[in-house]
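# Breakdown of the fold
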Amino acid sequence: MAATGNAEETQLQEMEEEAGMEREMDSDEEEGMGIENSDDEEDDSSEDDKENEAEIQRLEEQLSINAFDYNCHVDLIKLLRQEGELPPLRKARQKMSELFPLTEEIWLDWLKDEIRLTEEEQNREKVYELFEMAVKDYICPEIWLEYAQYSIGGMGLPGGMEKVRSIFERALTAVGLHMTTGATLWEAYREFENVILATVQPPPGSVPTCEQQELLNAQLERIHTLFRRQLAIPLMDMEGTYAEYEEWSDQGVSDTVSHKYKRALQQMEKSKPYEETLMAAEPPKLAEYQTYIDYEQKEGDPARIQIIFERALAENCLVPDMWAKYTKYLDRQLKIKDLVLSSHDRAVRNCPWTMGLWKNYLLALERHGADHHTISDVFEKALNAGFIQATDYVNIWEAYLDYLRRRVDFSKESSRELEELRAAFTRSLDYMKQDVEERFSESGDPSCTIMQVWAKIEALHCKNIQKARELWDSIMTKGNAKFANMWLEYYNLERSYGDALHCRKALHRAVQCTSDYPEHVCEVLLTFERVEGSLEDWDAAVQKTETRLNRVNEQRAKSLSQVAEKEAHLVRQEEEKTEQRRRAKADKKSQKKGQKGSRPGEKRKAEDEDNENEWGEESEQPPKRHRGEGNQGSFRGGGAEEYMETESGLFGRRAPPCRRQEPPGAKRGQQMAPATVRKTQEDNSEQRKDDCSVFISNLAFSMEDPEKRLKELFESCGPVQSVRPVYAAKGFRGYCYVQFEGKTSVPEALKMDRREVDGRPMFVSPCVDKNKNPDFKVFKYNTNLEKHKIFISGLPFSCTKEQLEELCKDQGTIKDIRLVTNRSGKPKGLAYVEFEDEAQASQAVLKLDGTVLQEHTLSVAISNPPPRNAADKPDFSRPMGAMMPRAMVYGSRGKGRTQLSLIPRSLHRQTGSESKAENGTAPKPTGGASGDAGFEAQAKPMSNSDFAKMLLRK
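Residues numbered from 1 in each chain as written. Predicted model: local features only at pLDDT ≥ 70, side-chain atom pairs only at ≥ 80, totals over all residues. Heavy atoms only, no water.

## Concerning the overall build of the protein chain
A count of helices and strands for the protein chain gives 38 helices and eleven strands. A buried classification covers 42% of the 954 residues belonging to the protein chain. Working note: accessible area of the protein chain is about 52,000 Å², and carbon and sulfur atoms make up 50% of it. (Helix = DSSP H or I, 4+ residues; strand = E, 2+ residues; numbered from the N terminus. Buried < 20%, exposed > 50% of the residue type's maximum accessible area, 1.4 Å probe, protein only. Areas by Shrake-Rupley, 256 points an atom, 1.4 Å probe, with all protein chains shown as cover.)

Here it is, written out as structure tokens:
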């Protein structure tokens with residue numbers, strides 16, 4: 001042993017000399033760097049120091065206000081480390097460690113600083129304590145390796161050898177199964193044992209004594225054992241370790257070791273894809289870790305399941321669900337007290353805002369027999385954790401009260417535990433009233449579940465029905481008297497532990513107060529009297545229930561009448577707004593028409609641009625095709641007003657069917673070469689594949705290179721064969737055709753309907769030729785009563801779907817939300833919200849009508865759009881000419897503009913005016929020759945004499 005001790009001292013001296021040389025080199029480098037500093041750099045550094053001191057003071061003040069500011073702790077530690085002030089740095093780190101688990105990086109910085117500054121042997125124990133704190137926060141191989149290496153420095157102290165080996169063994173237990181970095185610890189342990197082996201080997205040529213031979217054999221066996229243990233574990237680069245063992249061992253590798261190695265190698269190959277996925281993924285790798293965990297749980301090795309959970313939590317320490325899954329696995333599978341409780345403690349320190357983790361912690365403490373003082377301390381910490389919902393405080397109180405109830409021996413009339421339970425119930429009610437309500441403006445326990453449990457305990461276990469009745473009286477005074485289920489709970493309590501008299505009183509009060517389901521309460525009262533009551537009791541019950549139900553029916557009828565009046569009022573308002581818009585639109589078009597006709601010398605120009613104006617900003621409809629059943633993936637429902645805004649042009653004008661649109665930049669009147677004409681005709685014949693095409697409209701006129709833009713936009717739906725934007729003399733008209741190579745791309749393209757492009761909703765419709773498919777129906781929103789849908793008006797224009805969903809989600813399950821916009825994508829302050837059923841929609845109307853949102857008072861009603869007026873519907877009895885554009889009326893071959901006509905242009909414009917107004921309310925002629933003549937021409941053919949008289953008037 002003396003030889004061993006001398007060898008250890010020699011080895012220790014060599015390690016200390018190496019460490020001393022490293023420190024000298026570091027100091028020399030620091031001095032060299034200091035020499036190079038100039039006076040200017042010193043001035044800059046002094047200014048930086050002042051800024052750092054001010055920032056440190058600010059961070060300390062902020063932490064004095066909110067000690068749970070994690071980022072503030074990190075910034076403060078970083079600045080103090082730059083300043084090199086050890087006492088405040090230690091204090092800052094200790095404060096943060098008390099509140100939060102520290103990451104691997106923070107711990108390593110702290111440990112290295114302490115190791116560098118603590119050279120005296122008597123201070124080594126403080127560093128050991130710091131390491132013990134570090135290894136409890138997370139399972140980190142780097143920290144364990146640093147711990148083991150630091151312990152080697154104390155190898156020469158009494159018991160130093162055993163301490164080093166103990167730390168290595170603990171490290172292997174904690175992270176030895178880590179597939180990627182665990183091998184580092186195994187190799188470090190073997191290297192340490194090899195150094196010891198070198199010290200116990202006798203000099204070459206000498207004969208070892210029996211004692212030396214025993215030491216040598218024992219040391220060789222330790223190294224053999226480490227090799228065998230490592231080769232039985234699936235780790236990366238196992239092949240290298242096996243080759244190293246073959247070279248090192250004089251006896252070769254035994255069959256048993258080879259068998260275990262091959263089995264571990266097979267297991268490593270199975271896990272290798274998951275490891276490679278983790279290495280390739282970006283942090284935090286949550287989904288990849290979850291897949292890996294699922295695989296290991298199927299394999300069923302508890303140690304491997306634990307290590308993969310720990311690896312996942314090291315990178316996802318702020319994910320409560322991951323902690324919940326881990327602690328649940330430990331509670332149900334491993335059930336090792338120290339491991340379970342330490343994991344629960346780490347979970348609540350990482351995610352203190354998660355009530356479920358605190359609740360599970362309390363259950364785990366009780367399950368493993370923790371003392372009452374410890375459980376109470378954990379509960380008090382939970383109350384100060386800062387939950388984000390009022391209901392979280394109710395749940396944590398319920399968990400603690402359940403624990404206290406399980407401690408009570410109710411066979412005794414009075415006990416300290418029972419008094420403590422009652423005191424806790426009283427404190428919980430005061431806490432919910434004073435602390436929770438002040439913070440959240442709600443109790444979090446509207447049904448008074450805590451008081452209900454207390455009342456049941458008093459009635460069932462303590463036989464104190466009077467106390468239970470007092471508690472239920474308090475429950476009813478807190479706004480629960482209107483709910484039938486609360487009265488039935490009270491009735492059942494009296495039925496089980498009380499008497500018939502109090503049951504009857506409870507039911508009579510229920511009939512009087514219940515407002516949600518009075519019929520049910522009345523039925524329960526009558527059933528009770530059938531079983532328990534006398535004739536007088538029966539008569540009293542019948543009279544009371546009839547009176548109450550009559551009053552309820554009257555109130556319901558009155559409420560329905562009020563709702564109907566409100567809906568009718570809204571309908572009238574919408575009709576008036578729609579009528580005003582129609583008139584304004586018709587007046588505007590009439591003014592434009594008059595301005596065109598009043599400019600002398602520009603008749604031909606007006607005619608050339610007239611067709612273009614028809615497809616300007618107001619209508620934006622295609623020349624021959626109309627919007628069909630687009631919007632297949634969008635919200636269906638709404639009123640006639642929305643239909644008029646988004647689907648105008650149902651029977652609007654069409655551009656001349658045979659007139660080609662010239663591309664931008666082409667000069668008016670310029671003729672194409674014959675080859676170009678033939679090519680265009682051939683292209684047109686190929687483009688007419690309606691079943692492979694969609695029609696796009698409502699695009700911005702200012703869109704640059706629409707062909708390229710739309711091709712990029714729709715390539716995700718399938719291969720695009722061609723994009724055919726429609727141009728006018730002034731540029732892009734705002735609509736185009738997109739033709740795909742196959743029919744399967746069309747449904748995908750239709751799903752892009754109403755997608756916003758350049759701030760406008762893009763309309764995507766099937767490409768249907770109305771001339772060939774006259775029965776094709778254009779999509780429009782539902783105009784009938786929809787009881788499961790509400791209509792909201794008065795919304796601020798800045799309101800988003802998310803804000804509206806937040807407003808309505810408490811009333812029921814929301815299926816869809818549609819904000820009404822005009823064709824340019826600007827909101828109109830209207831919306832439709834679809835619920836799962838009629839009851840939820842009715843509840844939403846009652847609760848939300850009159851609500852103020854961003855200083856706007858909302859009006860809410862069941863969706864019941866007004867019926868379409870006759871003026872809104874296309875009149876199929878009118879002459880066909882009124883339904884068709886001028887080009888199709890004037891020219892027998894559809895040329896219109898270039899073909900001579902014997903009818904004056906004034907009549908042409910009047911006919912066009914009528915067709916322009918056909919989707920709105922057509923303005924009546926106010927007199928004048930052209931107006932009268934235009935309507936007469938619609939009614940009957942003109943004779944030559946009528947025609948001459950009209951010309952004379954002109």
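Structure shown, so let's carry the discussion forward.
## Concerning helix H12 (residues 255–280)
Over its 26 residues, H12 extends 37 Å from the first C-alpha to the last, a length consistent with the 38 Å expected when each residue adds 1.5 Å. Ser-271 marks the point of greatest bend in H12, at about 40 degrees, and the proline Pro-273 comes within the next four residues. Regarding H12, the residues found buried are Val-257, Ser-258, Tyr-261, Ala-264, Leu-265, Met-268, Ser-271, Glu-275 and Leu-278. Tucked into the core, H12 has its buried residues touching helix H10 (210–231), helix H11 (238–248), helix H13 (286–299) and helix H14 (302–315). (Expected span 1.5 Å × (residues − 1). Bend = angle between axes of the 7 residues up to and from the residue. Contact = heavy atoms within 4.5 Å.)

## Let's talk about the nonpolar core
Counting 157 residues, the largest nonpolar core has Phe-192, Ile-396 and Trp-397 as its most contacted members. By residue number, the principal contributor to this core is helix H19 (residues 390–407), which donates ten residues. Setting aside residues up to four positions removed in sequence, Trp-397 forms contacts with Phe-379, Leu-383, Ala-424, Arg-427, Ser-428, Tyr-431, Met-432 and Ile-450. If you look at the next biggest cluster of nonpolar residues, it comprises 21 residues, including Val-694, Ile-696, Phe-740 and Val-746. (Core = buried A, V, L, I, M, F, W, Y, C linked by side-chain atoms within 4.5 Å.)

## Some details on the pairing of strand E5 (residues 760–766)
Buried residues dominate E5, accounting for seven of its seven residues. Sheet analysis places strand E1 (residues 693–697) next to E5, joined by four bridges and oriented antiparallel. Looking at the pairing, Phe-695 lines up with Ser-765 of E5. Relative to E5, strand E4 (residues 755–757) runs antiparallel, the two sharing three bridges. Its bridge partner being in E5, Glu-756 is matched across the sheet by Pro-761. Between E4 and E5, which pair antiparallel one after the other, the connecting turn spans two residues, and Asp-758 there sits at a positive phi close to 55 degrees. (Pairing = 2+ DSSP bridges.)

## Examining unusual backbone geometry
In the segment running from Pro-283 into Pro-284, the intervening peptide bond is cis, with an omega of 10 degrees. With respect to the helices and strands, the residue Pro-284 is situated in the loop between H12 and H13. With phi around 55 degrees, Gln-854 is a residue other than glycine that occupies positive phi space. Exposure remark for Gln-854: the relative accessible area of 36% places this residue in the partly exposed category.

## Considering the pairing of strand E2 (residues 720–728)
In terms of burial, E2 is a largely internal element, seven of the nine residues being buried. Where E2 lies against strand E3 (residues 731–740), seven bridges are found, and the strand directions are antiparallel. Across the sheet, residue Val-720 finds its bridge partner in E3, namely Phe-740. What sits between the antiparallel neighbours E2 and E3 is a turn of two residues.

## Notes on the packing of aromatic side chains
Per the counting criterion, the structure on display carries 34 aromatic pairs. Each ring, one from Tyr-292 and one from Tyr-295, has its centre 6.5 Å from the other, and the planes form 35 degrees; the classification is tilted. In this pair, Tyr-292 and Tyr-295 are both assigned in helix H13, three residues apart and thus about one turn of the helix distant. Tyr-292 sits in the buried class, given a relative accessible area of 1%. When its relative accessible area of 11% is taken as the criterion, Tyr-295 is described as buried. If you follow Arg-124 out to its NZ or CZ, it ends over the ring of Tyr-150, 4.2 Å from the centre. Lying across the ring of Tyr-128, Lys-163 places its NZ or CZ 4.3 Å from the centre. (Phe/Tyr/Trp six-rings, centres within 6.5 Å; stacked < 30°, edge-to-face > 60°. Lys NZ or Arg CZ within 6 Å of the ring centre and 35° of its normal.)

## Some words on a nonpolar patch on the surface
On the surface, a cluster of nonpolar side chains totalling about 310 Å² of accessible area is made up of Leu-318, Trp-353 and Ile-388. When you line up the elements, Leu-318 lands in the loop between H14 and helix H15 (320–334). (Patch = residues over 30% accessible without salt bridge, like charges linked within 9 Å, V, L, I, M, F, W, Y side chains within 5 Å. Salt bridge = Lys/Arg side-chain N within 4 Å of Asp/Glu carboxyl O.)

## Concerning the confidence of the model for the protein chain
Detailed reading of the predicted coordinates is not advisable wherever pLDDT falls low. For the protein chain, per-residue confidence averages 78 on the pLDDT scale, and residues scoring 70 or more make up 74% of the total. By mean pLDDT, the top-scoring element of the protein chain is helix H17 (residues 355–367) (97), and the lowest-scoring one is helix H28 (residues 640–646) (35). A low-confidence stretch, residues 1–13 stays under pLDDT 50, and its non-local contacts, those more than four residues away or across chains, total twelve contacts. Across residues 600–683 the pLDDT falls below 50, and counting only partners more than four positions away or on other chains, this stretch makes 232 contacts in the model. (pLDDT = per-residue confidence, 0-100.)

## Brief notes about helix H32 (residues 801–808)
Where H32 is concerned, the buried positions are Leu-804, Leu-807 and Cys-808. The buried residues of H32 all sit within an arc of 85 degrees when viewed along its axis, so they share a single face. (Arc of directions from axis to C-beta.)

## Regarding the sheet that holds E4
On the basis of which strands lie adjacent, the open sheet formed by five strands has the order E2-E3-E1-E5-E4 and antiparallel pairing. Bordering the open sheet on either side are E2 and E4, each of which pairs with just one other strand. Taking the axes of each pair of neighbouring strands and ignoring which way they run, one obtains an average angle of 30 degrees across the sheet. Packed on one face of the sheet, helix H30 (residues 706–714) meets E1, E2, E3, E4 and E5 and runs near 145 degrees to E2. (Axes fitted to C-alpha atoms, helices over the stretch in contact; angles between N-to-C directions.)

## A few points about empty space enclosed by the protein
A complete count under the given rule lists four cavities of 30 Å³ or more for this structure. Lining the second largest cavity we find Leu-795, Pro-796, Phe-797, Cys-799, Leu-819, Val-820, Pro-827, Lys-828, Gly-829 and Leu-830. Looking at the lining of the second largest cavity, the elements that each hand over two or more residues are strand E7 (814–821) and strand E8 (827–835). At four residues, the largest contribution of residues to the lining of the second largest cavity is made by E8. Considered class by class, the residues forming the lining of the second largest cavity number eight nonpolar, one polar and one charged. (1 Å grid on protein atoms, 1.4 Å probe; cavity = no way out; pocket = protein on both sides within 12 Å on 5 of 7 lines; lining within 4 Å. Points joined across faces, edges and corners; volume = space filled by probe spheres on them. Nonpolar A, V, L, I, M, F, W, Y, C, P; charged D, E, K, R; others polar.)

## Some points on the environment of Glu-296
Here Glu-296 shows up in helix H13. Taking the C-alpha atoms as reference points, Glu-296 and Ile-308, separated by twelve residues in sequence, lie 8.0 Å from one another. Those residues in contact with Glu-296 that lie beyond four places of it in its chain are Ser-271, Asp-301, Arg-304, Ile-305 and Ile-308.

## Focus: the sheet that holds strand E6 (residues 786–793)
The four strands are arranged E7-E8-E6-E11 in an open sheet whose pairing can be described as antiparallel. In this open sheet, the two edge strands, each paired with only one partner strand, are E7 and strand E11 (859–863). For this sheet, the mean inter-axis angle between neighbouring strands, taken without regard to orientation, is 25 degrees. Contacting E6, E7 and E8, H32 runs over the sheet at an angle of about 135 degrees to E7. Lying on the sheet, helix H33 (residues 838–848) is in contact with E6, E8 and E11; it crosses E6 at an angle near 25 degrees.

## Re the environment of Glu-275
Here Glu-275 shows up in helix H12. The spatial distance from the C-alpha of Glu-275 to the C-alpha of Glu-288 is 9.2 Å, given a sequence separation of 13 residues. At 2.8 Å, the side chain of Glu-275 and the side chain of Arg-311 are in polar contact. (Polar contact = N/O pair within 3.5 Å; in protein donor to acceptor, adjacent residues only side chain to side chain.)

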